[in-house]
Amino acid sequence: MSPPASDIVRFDQLAYRYPGGQDVLSGVNFSIAQGEMVYVTGPSGAGKSTLLRLIAALCRPTRGQLVVMGQNLSALKNRHIPAYRQHIGLVFQNFNLLYDRTVFDNVALPLVIRGYAYADIGRRTRAALDAVGLLNREKSLPLTLSGGEQQRVGIARAIVTKPALILADEPTGNLDPEMALEVMRGFQRFNEAGVTVMIATHAIDLIEALPHRIIHLEHGQITDKRPTAASQLGDRHGAR
Ligand SMILES: Nc1ncnc2c1ncn2[C@@H]1O[C@H](COP(=O)(O)OP(=O)(O)OP(=O)(O)O)[C@@H](O)[C@H]1O
Ligand SMILES: [Mg+2]
């Protein structure tokens, strides 16, 4: 394969502004190769979540180009967005689980929505639960699980459709350090299995021990400045 074709994500002079606002990302240039594991760091308000939202086609580039899995996202028609998102697994800080449904039902949901056959749903859902070590909790309700286990349900739901790319926004933000490490190790295992993973995180101390590439943002631009734990404490620290 030629080098450009192996890039799963490519930003080219990208800028983004929310409607009516100023640029919150500008001059963003980088690519991610298939199979990479990348952390996006930067102080609160730097644009980490916006970067992931752009890749997930939850918002569109204002200027410049963003190509993901060969798809130019500026040209992606709205009706093609659901098919595009099938290849992306999203993991959120607050887990976003349905609390009146079992662990199994939560993980199965993306398959149900996409109309998979009943037998397929059972097989794939159990495989995803097995991958996060929660096969024995399939009948449990989320609130009877620890925070780390709830996040692992969120991760199982994100991988159940076998996405090529996982995007996780502060996936350990609501976890204690031990659970956070366990969740980060889980992402690492998926990456080792060939999935490209991008994680926005404040948890510099946590990722120092893990193999990684860092894309560091300051005021909406990528910088070579190495993040430190202190530099992560932006003026809106704690805001989502
Ligand atoms: N829906 C929105 N409308 C207008 N401005 C927004 C919106 N969401 C975010 N912003 C602004 O865009 C900038 C980047 O926000 P973003 O949420 O991407 O930062 P972040 O790096 O994820 O921060 P945090 O670490 O707090 O999660 C901030 O200045 C923020 O105020
Ligand atoms: Mg954010």
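So, here's what we can say about the structure. (Residues numbered from 1 in each chain as written. Chains lettered and ligands numbered in written order. Predicted model: local features only at pLDDT ≥ 70, side-chain atom pairs only at ≥ 80, totals over all residues. Heavy atoms only, no water.)

## Topic: the packing of aromatic side chains
One pair of aromatic rings is described through two measures. These are the centre distance and the angle between the planes. In the structure shown here, the tally under the stated rule is two aromatic pairs. Here Phe-11 and Phe-30 contribute two aromatic rings whose centre-to-centre distance is 4.5 Å and whose plane-to-plane angle is 25°, an arrangement assigned as stacked. Placement of Phe-11 in strand β1 (residues 7-17) and of Phe-30 in strand β2 (residues 23-33) is noted, with a sequence separation of 19 residues between them. Both residues of the pair, Phe-11 and Phe-30, count as buried. Seen from their ring centres, Tyr-16 and Tyr-18 are 4.9 Å apart, and the 90° between their planes marks the pair as edge-to-face. Note on Tyr-16: relative accessible area 6%, which makes it buried. (Phe/Tyr/Trp six-rings, centres within 6.5 Å; stacked < 30°, edge-to-face > 60°. Helix = DSSP H or I, 4+ residues; strand = E, 2+ residues; numbered from the N terminus. Buried < 20%, exposed > 50% of the residue type's maximum accessible area, 1.4 Å probe, protein only.)

## A word on the pairing of strand β8 (residues 196-200)
A large share of β8 lies buried, amounting to five of its five residues. Burial of the side chains of β8 extends over both faces: Thr-196, Met-198 and Ala-200 are buried on one face and Val-197 and Ile-199 on the other. Judged from the four bridges that link them, strand β3 (residues 37-41) and β8 form a sheet pairing that is parallel. Across the sheet, Val-40 pairs through a bridge with Ala-200, a residue of β8. Pairing of strand β7 (residues 165-169) with β8 involves five bridges; the strand directions are parallel. The partner of Leu-165 across the bridge, within β8, is Thr-196. (Pairing = 2+ DSSP bridges.)

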